[in-house]
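Chain and residue survey
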Amino acid sequence: DTEVTQTPKHLVMGMTNKKSLKCEQHMGHRAMYWYKQKAKKPPELMFVYSYEKLSINESVPSRFSPECPNSSLLNLHLHALQPEDSALYLCASSQGATVSYNEQFFGPGTRLTVL
Amino acid sequence: RKEVEQDPGPFNVPEGATVAFNCTYSNSASQSFFWYRQDCRKEPKLLMSVYSSGNEDGRFTAQLNRASQYISLLIRDSKLSDSATYLCVVNLGSTGRRALTFGSGTRLQVQP
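Residues numbered from 1 in each chain as written. Chains lettered and ligands numbered in written order. Predicted model: local features only at pLDDT ≥ 70, side-chain atom pairs only at ≥ 80, totals over all residues. Heavy atoms only, no water.

Remarks on the pairing of strand β4 (residues 31-37) of chain A
All names here are of chain A. Of all seven residues that make up β4, seven are buried, and the element is covered over most of its length. Neither face of β4 is open: one carries Ala31, Tyr33, Tyr35 and Gln37, the other Met32, Trp34 and Lys36, and all of them are buried. In this sheet, strand β5 (residues 44-50) lies alongside β4 in antiparallel orientation, the contact comprising six bridges. Looking across to β5, one finds that lysine 36 is bridged to glutamate 44. (Buried < 20%, exposed > 50% of the residue type's maximum accessible area, 1.4 Å probe, protein only. Helix = DSSP H or I, 4+ residues; strand = E, 2+ residues; numbered from the N terminus. Pairing = 2+ DSSP bridges.)

Rendered as structure tokens:
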């Protein structure tokens with residue numbers, strides 16, 4: 001299995017809702033990432049987990065809360081989002097525990113719309 | 001100066017043409033380099049890693065010039081299916097902040 005899966009593919013939520021995005025990989029990768037991508041822009045790194053521990057938080061607002069229940073799973077909990085948070089949320093994984101030298105493999109993303 | 005800079009394009013080329021993209025990076029401590037392609041409304045897919053000695057995969061050749069701090073991607077015999085945005089990714093190789101940096105992408109449109 002050489003893929004990263006993400007659910008749901010699409011999500012529409014109101015500003016008062018609480019929802020979660022899920023990401024899974026079965027490649028034995030030890031680093032997992034969340035990115036946010038707006039239209040016609042490159043992905044922006046949000047969080048990095050290394051060996052199930054949060055190693056990088058790129059000053060992301062607290063309305064985004066990541067969680068890594070085990071080495072294969074990565075969640076992103078969403079609460080009280082704003083319309084400007086609408087974007088494609090991408091999960092990625094890489095083999096190594098550090099971010100150096102490692103190729104990242106991306107999931108198909110969750111397209112989020114906040115009303 | 002941006003940390004990773006690419007010409008946004010679009011590059012409009014006919015089928016069969018050879019096209020080259022460059023990507024410059026500002027941090028001389030950068031340790032690893034990649035090219036990804038991204039189709040419209042899809043996720044980025046790894047195209048190739050870029051090694052110091054340069055590397056080739058079929059019609060694609062990637063090169064690294066550390067002295068001038070740029071990487072390049074050459075596509076020979078362009079196909080319609082090569083139309084996509086090509087993202088340059090530079091990795092500082094540390095676990096610190098901003099270790100993973102994407103360029104803004106270069107859009108390629110191959111025309112029949």
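A closer look at the pattern of salt bridges
Inspection of the entire model under this criterion finds eight salt bridges over all chains. Linking arginine 63 of chain A and aspartate 85 of chain A is a salt bridge whose minimum nitrogen-to-oxygen distance equals 2.8 Å. With a gap of 22 residues between them, arginine 63 of chain A in the loop between β6 (53-57) and β7 (64-70) and aspartate 85 of chain A in the loop between β8 (73-79) and β9 (87-94) connect regions that are remote in the sequence. Lysine 79 of chain B is the partner of aspartate 77 of chain B in a salt bridge, and the nearest nitrogen-oxygen pair spans 2.9 Å. Aspartate 77 of chain B sits in the partly exposed class, given a relative accessible area of 36%. Residue class for lysine 79 of chain B comes out partly exposed when judged on its relative accessible area of 33%. (Salt bridge = Lys/Arg side-chain N within 4 Å of Asp/Glu carboxyl O.)

Comments concerning the nonpolar core
One recurring pattern in soluble globular proteins: nonpolar side chains tend to sit buried together. Counting 23 residues, the largest nonpolar core has Phe21, Trp35, Ile71, Leu73, Ile75, Tyr86 and Leu108 of chain B as the members making the most contacts within it. Mapped by element, the contributors of at least two residues to this core are β3 (19-25), β4 (32-38), β5 (44-50), β7 (60-65), β8 (70-75), β9 (84-91) and β11 (106-111) of chain B. The contact partners of leucine 73 of chain B, leaving out residues within four places of it in the chain, are Val19, Ala20, Phe21, Trp35, Leu47, Met48, Phe60, Thr61 and Tyr86 of chain B. By size, the runner-up hydrophobic cluster in this structure holds 22 residues, among which are Met32, Trp34, Val60 and Leu78 of chain A. (Core = buried A, V, L, I, M, F, W, Y, C linked by side-chain atoms within 4.5 Å. Contact = heavy atoms within 4.5 Å.)

A short note on the sheet that holds strand β6 (residues 55-57) of chain B
All names here are of chain B. Strand order in the open sheet formed by five strands is β1-β3-β8-β7-β6, with antiparallel pairing between adjacent strands. The outermost strands of the open sheet, each flanked by one partner alone, are β1 (4-6) and β6. Direction aside, the axes of adjacent strands within the sheet are offset by 15° on average. (Axes fitted to C-alpha atoms, helices over the stretch in contact; angles between N-to-C directions.)

Structural notes on the packing of aromatic side chains
In this description, an aromatic ring pair is defined by two values, namely the gap between the centres and the angle between the planes. On inspection of all chains with the given rule, the structure shows 11 aromatic pairs over all chains. For the pair phenylalanine 11 of chain B and phenylalanine 21 of chain B, a centre-to-centre distance of 5.2 Å together with 85° between the ring planes defines the contact as edge-to-face. Of the two residues, phenylalanine 11 of chain B sits in strand β2 (residues 11-14) while phenylalanine 21 of chain B sits in strand β3, which places them 10 residues apart along the sequence. Take phenylalanine 21 of chain B: its relative accessible area is 2%, and that puts it in the buried class. Measuring from ring centre to ring centre gives 6.2 Å for tyrosine 36 of chain B and phenylalanine 102 of chain B, while their planes differ by 45°; the resulting arrangement is tilted. Highlighted residues: tyrosine 36 of chain B in strand β4 and phenylalanine 102 of chain B in strand β10 (residues 100-102), separated in sequence by 66 residues. Side by side, tyrosine 36 of chain B and phenylalanine 102 of chain B carry an identical accessibility label, which is buried. An aromatic cluster is present here, built from Tyr33, Tyr35 and Phe106 of chain A together with Phe34, Tyr36 and Phe102 of chain B joined pairwise through their rings. (Phe/Tyr/Trp six-rings, centres within 6.5 Å; stacked < 30°, edge-to-face > 60°.)

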